[in-house]
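What the coordinates show
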Amino acid sequence: MIKRSEGIVLRTFPFGEADLIVTFMTPDLGILKLFAKSPRKFKSCFGSSLEPLTYAKIAFWGREDTALPKLTQSDIIHPFQSIRENLDCFLKVSGIIELTISFVPERDANKKAYTLLLHTLQAVEKGFDTHLLTCHYKIKLLHFTGFSPGLDSCGRCGKTGYSFYISHGSILCEICSRGMAPPLRISPAVLRFYKDLLTWDTAKVGRIKPTEMLLAELSDIMNMHIKYILAKPLKTEEYAQTLTITGKQPMK
């Protein structure tokens, strides 16, 4: 049975001498892995449509229970080539791609997450602040997948608080946290900023300019929360830190 959809290429893996396994993010089927026959050959019918981040109309064949349906068509809607050509942007976007693969289950439709990814890529290409966009993406994606940190109130009693406990994934008030290790203190400004980003869409986020300190504090909280959930840091963030340590700064 031939099925049709649209999707964004998240990543590809070589399979054999000339084949690929392509991971797409789709609006109606969630994350989908497809087998592409001979796209690595010079005269492949797929052309450049399977490059990472490419937004395309796709068709694939396979029964409902097929583990790896066969990709039969991929027509480019938009290539997002400018992001791939800028190492700094590509590294940041690779981080949200890795995050998406980690938190969105395969074949579990999540149209909100799909739309968020598409709009974020469009905003990055327009030249909006990638640091702010990636922070916003992490906040919204965790919300859409049920992994948001509890920053609105104490996770046990509901009282107001500013002490965030990574191991609990939430704020705890002084009474509920008695006897625990020292927490991460969160400023009221960061909590307000988090709540704003949680409700704002990508277009609105692209028009604001928070202070570097405010954005850095919120980004650190989100990164620590994600690292605790995954029990490891994102590979792309580790690679970016390696570039910084070795003095190999990404191209601007």
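The notes below deal with the structure included here. (Residues numbered from 1 in each chain as written. Predicted model: local features only at pLDDT ≥ 70, side-chain atom pairs only at ≥ 80, totals over all residues. Heavy atoms only, no water.)

A few words now on the overall build of the protein chain. A count of helices and strands for the protein chain gives eight helices and nine strands. The C-alpha radius of gyration of the protein chain comes to 20 Å, within 12% of the 18 Å expected for a compact globule of 252 residues. Projected onto the principal axes, the alpha-carbon positions of the protein chain cover approximately 65 × 45 × 35 Å. Within the protein chain, buried positions represent 45% of all 252 residues. At a minimum sequence separation of 6, the contacts of the protein chain that also span at least 24 residues come to 61%. Taken as a whole, the protein chain presents about 13500 Å² of accessible surface, with 55% of it coming from carbon and sulfur. Here the protein chain holds 33 positive side-chain charges and 24 negative ones, and the gap between their average locations is 2 Å. (Helix = DSSP H or I, 4+ residues; strand = E, 2+ residues; numbered from the N terminus. Rg over C-alpha atoms; globule rule 2.2 N^0.38 Å. Buried < 20%, exposed > 50% of the residue type's maximum accessible area, 1.4 Å probe, protein only. Contact = heavy atoms within 4.5 Å. Areas by Shrake-Rupley, 256 points an atom, 1.4 Å probe, with all protein chains shown as cover. Lys, Arg positive; Asp, Glu negative; His and termini not counted. Charge placed at Lys NZ, Arg CZ, Asp CG, Glu CD.)

With that out of the way, let us pick up the packing of helix α2 (residues 87-103) against helix α3 (residues 111-125). Two numbers describe how α2 lies on α3: the axes approach to 12 Å, and their chain directions differ by 170°. On the basis of their axis angle, the class for α2 and α3 is roughly antiparallel. Contact residues: α2 offers Cys-89, Val-93, Ile-96 and Ile-97, while α3 offers Leu-117, Thr-120, Leu-121 and Val-124. In terms of residue class, the contact of α2 with α3 is built from seven nonpolar, one polar and no charged. (Axes fitted to C-alpha atoms, helices over the stretch in contact; angles between N-to-C directions. Parallel < 35°, antiparallel > 145°, perpendicular 65-115°, else oblique. Nonpolar A, V, L, I, M, F, W, Y, C, P; charged D, E, K, R; others polar.)

Let's shift gears to α2. Look at α2: 24 Å from first C-alpha to last across 17 residues, which is about the 24 Å you get at 1.5 Å a residue. The element α2 is largely enclosed, with a buried count of 12 among its 17 residues. Among the residues making up α2, those that are buried are Asp-88, Cys-89, Leu-91, Val-93, Ser-94, Gly-95, Ile-96, Ile-97, Glu-98, Leu-99, Thr-100 and Phe-103. The backbone nitrogen of Asp-88 has a side-chain oxygen 3.1 Å away, supplied by the residue at the start of α2, namely Asn-86. (Expected span 1.5 Å × (residues − 1). Polar contact = N/O pair within 3.5 Å; in protein donor to acceptor, adjacent residues only side chain to side chain.)

With respect to the helices, strands and loops of the structure, Thr-100 is situated in helix α2. Here Ile-96 takes part through its backbone oxygen, which lies 2.7 Å from a polar atom of the side chain of Thr-100.

For the coordinates displayed, the defined rule picks out two aromatic pairs. Where Phe-15 meets Phe-35, the ring centres are 5.8 Å apart and the plane angle is 85°; that geometry is what we call edge-to-face. On the criterion of sequence distance, the pair formed by Phe-15 in strand β1 (residues 2-15) and Phe-35 in strand β3 (residues 30-36) is long-range, its members being 20 residues apart. Centroid distance Phe-103 to Phe-147: 5.0 Å. Interplanar angle 65°. Geometry classified as edge-to-face. Residue Phe-103 is found in helix α2, and its partner Phe-147 is found in the loop between α4 (130-145) and β6 (150-154); the two are separated by 44 residues along the sequence. (Phe/Tyr/Trp six-rings, centres within 6.5 Å; stacked < 30°, edge-to-face > 60°.)

Membership of the largest hydrophobic core comes to 48 residues, with the highest contact counts inside it found for Met-25, Ile-83, Val-93, Leu-117, Leu-121, Leu-197 and Leu-218. Elements with a minimum of two residues in this core: β1, α2, α3, α4, α5 (188-199) and α7 (212-230). Among the elements that take part in this core, α3 stands out by supplying eight residues, more than any other. The residues touching Met-25, leaving out its near neighbours within four places in the chain, are Glu-6, Gly-7, Ile-8, Leu-10, Gly-30, Ile-31, Thr-100, Val-104, Asn-110, Ala-113, Tyr-114 and Leu-117. Counting residues in hydrophobic clusters, the runner-up holds 13 residues, among them Val-9, Phe-46, Ala-56 and Leu-71. (Core = buried A, V, L, I, M, F, W, Y, C linked by side-chain atoms within 4.5 Å.)

Further remarks concern the sheet that holds strand β8 (residues 170-171). Strand order in this open sheet of four strands is β6-β8-β7-β9, and the pairing throughout is mixed. Edge strands, defined here as strands with exactly one partner in the open sheet, are β6 and β9 (184-185). (Pairing = 2+ DSSP bridges.)

With that settled, the discussion passes to the sheet that holds β1. Strand order in the closed barrel formed by five strands is β1-β2-β3-β5-β4, and the pairing between neighbours is mixed. On average, adjacent strands in this sheet sit at an angle of 45° to one another, irrespective of strand direction. One ladder, built from seven bridges, connects β1 with strand β4 (residues 55-61); its direction is antiparallel. By the bridge assignment for β4, Ile-8 is matched with Tyr-55. The strands touched by α2 within the sheet are β1, β2 (19-26) and β3, with β1 carrying the most contacts at an inclination of about 110°. In this fold α3 packs onto β1, β2, β4 and β5 (70-78), with an angle of close to 65° to the strand it touches most, β1.

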